[in-house]
Amino acid sequence: MSQYWSSLVHRLTPYVPGEQPKLPDLVKLNTNENPYPPSPQAVAAMQEELGATGASLRLYPDPNADRLKDAIVAHFAKFAITPAQVFVGNGSDEVLAHAFMALLKHETPILLPDISYSFYPVYCGLYGVEHRAIPLGENFEVRVDDYARESVGNGGIGGIVIANPNAPTGRLLPLAEIERLVAAHRQSVVVIDEAYIDFAGQVIPTAIALVNRYPNLLVIRTLSKSHSLAGLRVGYAVGNSLLIEALERIKNSFNSYPLDRLAIAGAAAAMADKAHLEKTRLTVMNSRAALTSALEALGFAVLPSAANFIFARHAQHDAAQLAAELRQRQVIVRHFKLPRIDQFLRITIGTDPQCQTLVGALREILGQ
Ligand SMILES: *Cc1c(COP(=O)(O)O)cnc(C)c1O
């Protein structure tokens, strides 16, 4: 607290990111990073952009990142989107933040699942957006009808934000249900945060397939998880061009150059390398199946996951204590001290050797 702070700063409750430990030898399964390196073509494109002298860095980057938008359009060629339907930002967190200010800040509250990405209520606090929490079902599933019920007879809503697959549960809402949600709320913007959708199946059930039919749908994506580029900070949104224009208006009132030259070059090449994405996402999905079986054999109940992490609880052992004991064995996982989920651990899918280290440590802790 300080007399120099604005009243807004006094009121904020900031997001707390997962730990990024300085110790090198930890098995780090706490922030859903990809354990595999990014596309070699992305690395080469960044090296090429940098060149021998780094001379290109003298110049500002393209404020519109057209090269990246073109690569995103090409990546989703089968959905026939145009560059005017694409917005790019410094991580999807920034894209989300702009969406809250540009499209979700109205007189009426927005609807969020009670258990979801904990950054959403933080943006509500920052931008003064009221929100109502809609409880997930007993098995942590999003129930689409509950949203319609909440928005009727309550003076309308300012929008809806859903992570699909949801975080930290990993549960997927089928595309048909997403469509039902978007169709039932045509008067407001529905944001679908698809940070983990590339891990959702052989065929990726993305809501980008719907954007040309629903002008109220905004799909937000990141290169942090499936493209192994969390350190580069690139996210994007796809939707109707009028929604994108709103995001551009906010961006150009805030920071004209959210993506630097290396990020534009690397992200464009990563989007073009579909073979690399395919290989790593299928590897992670196979490891997820193996880790799920191994944890079930140790007495964990594991929610069905469509993401690069699993959400698991043990019938006999306290989750916070398990997390602490794993840490003593150099394995870090995420535990949330929150209602309904405080007996769960969220465990990122690592390489198979990392998963085996985790299972070995748990076996020791559980005395099995
Ligand atoms: C990781 C994550 C993000 C943020 O991704 P960045 O692009 O790294 O900012 C957004 N939404 C959800 C649900 C996430 O898990």
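Report on the accompanying structure. These numbers come from a predicted model, not from an experiment. (Residues numbered from 1 in each chain as written. Predicted model: local features only at pLDDT ≥ 70, side-chain atom pairs only at ≥ 80, totals over all residues. Heavy atoms only, no water.)

1. What about the site of the ligand?
Part 1: If you check the shell around the ligand, you find G91, S92, D93, Y117, D193, A195, Y196, T222, S224, K225 and R233 and nothing else.
Part 2: Within the backbone of S92, one N or O atom sits 2.6 Å away from an oxygen atom of the ligand.
Part 3: Across the complex, the protein chains shield 93% of the 390 Å² of accessible surface that the ligand would expose by itself.
Part 4: Among the elements that take part in the shell around the ligand, helix α4 (residues 91–104) stands out by supplying three residues, more than any other.
Part 5: Classifying every residue of the shell around the ligand by side-chain character gives three nonpolar, four polar and four charged. (Near = heavy atom within 4 Å. Polar contact = N/O pair within 3.5 Å; in protein donor to acceptor, adjacent residues only side chain to side chain. Areas by Shrake-Rupley, 256 points an atom, 1.4 Å probe, with all protein chains shown as cover. Helix = DSSP H or I, 4+ residues; strand = E, 2+ residues; numbered from the N terminus. Nonpolar A, V, L, I, M, F, W, Y, C, P; charged D, E, K, R; others polar.)

2. As for helix α10 (residues 274–297)
Part 1: End to end, α10 covers 35 Å across 24 residues, agreeing with the expected 34 Å (1.5 Å per residue, within 8%).
Part 2: Of the positions making up α10, those classed as buried are H276, L277, T280, R281, V284, M285, S287, R288, L291, T292 and L295.
Part 3: On its buried face, α10 sits against α2 (40–50), α3 (66–75), β9 (300–302), β10 (309–314), β12 (344–348) and α12 (352–366).
Part 4: In the segment just after α10, G299 is the residue with positive phi, at about 95°. (Expected span 1.5 Å × (residues − 1). Buried < 20%, exposed > 50% of the residue type's maximum accessible area, 1.4 Å probe, protein only. Contact = heavy atoms within 4.5 Å.)

3. As for the sheet that holds strand β6 (residues 190–193)
Part 1: Here we have seven strands laid out as an open sheet, ordered β2-β8-β7-β6-β5-β3-β4, and mixed in their pairing. In this open sheet, the two edge strands, each paired with only one partner strand, are β2 (86–89) and β4 (131–134). Averaged over all pairs of adjacent strands, the angle between their axes in this sheet comes to 20°, without regard to strand direction.
Part 2: Bridge count for strand β7 (residues 217–222) against strand β8 (residues 235–239) is five bridges, and the pairing is antiparallel. Residue pairing for β8: T222 is matched across the bridge by G235. (Pairing = 2+ DSSP bridges. Axes fitted to C-alpha atoms, helices over the stretch in contact; angles between N-to-C directions.)

4. A look at the packing of α3 against helix α9 (residues 261–272)
Part 1: At a minimum axis distance of 8 Å, the contact between α3 and α9 shows a crossing angle of 10°. In terms of orientation, α3 and α9 fall into the roughly parallel class. Along the contact surface, α3 presents R67, L68, A71, I72 and H75, while α9 presents I264, A265, A267, A268 and M271.
Part 2: Each residue belonging to the contact of α3 with α9 can be placed in one class, and the counts come to eight nonpolar, one polar and one charged. (Parallel < 35°, antiparallel > 145°, perpendicular 65-115°, else oblique.)

5. Overview of a nonpolar patch on the surface
Part 1: Judged by side-chain polarity, M1, Y4, W5, V9, L12 and L126 come together as a nonpolar surface patch covering roughly 660 Å² of accessible area.
Part 2: Here V9 is to be found in helix α1 (residues 7–11). (Patch = residues over 30% accessible without salt bridge, like charges linked within 9 Å, V, L, I, M, F, W, Y side chains within 5 Å. Salt bridge = Lys/Arg side-chain N within 4 Å of Asp/Glu carboxyl O.)

6. Some points on the pattern of salt bridges
If charged atoms from side chains of opposite charge come close, those side chains can pair.
Part 1: Considering all chains together, one arrives at 16 salt bridges under this definition.
Part 2: With its nearest N and O atoms 2.8 Å apart, the salt bridge here joins R143 to D146.
Part 3: Given a relative accessible area of 37%, R143 falls into the partly exposed group.
Part 4: The partner of R180 in a salt bridge is D145, with the nearest N and O atoms 3.0 Å apart. One end of the pair, R180, is in helix α7 (residues 175–184); the other, D145, is in helix α6 (residues 144–151), and 35 residues separate them in sequence.

7. So, the sheet that holds β9
Part 1: Here three strands make up an open sheet; going across it, the order is β9-β10-β12 and the pairing antiparallel. Both edges of this open sheet fall to β9 and β12, since each of them pairs with a single strand only. Here the average twist between neighbouring strands, direction ignored, is 35°.
Part 2: Alignment of β9 against β10, held across three bridges, turns out to be antiparallel. Paired with F300 across the strands is H314, a residue of β10.
Part 3: Lying on the sheet, helix α11 (residues 319–328) is in contact with β9, β10 and β12; it crosses β12 at an angle near 40°.

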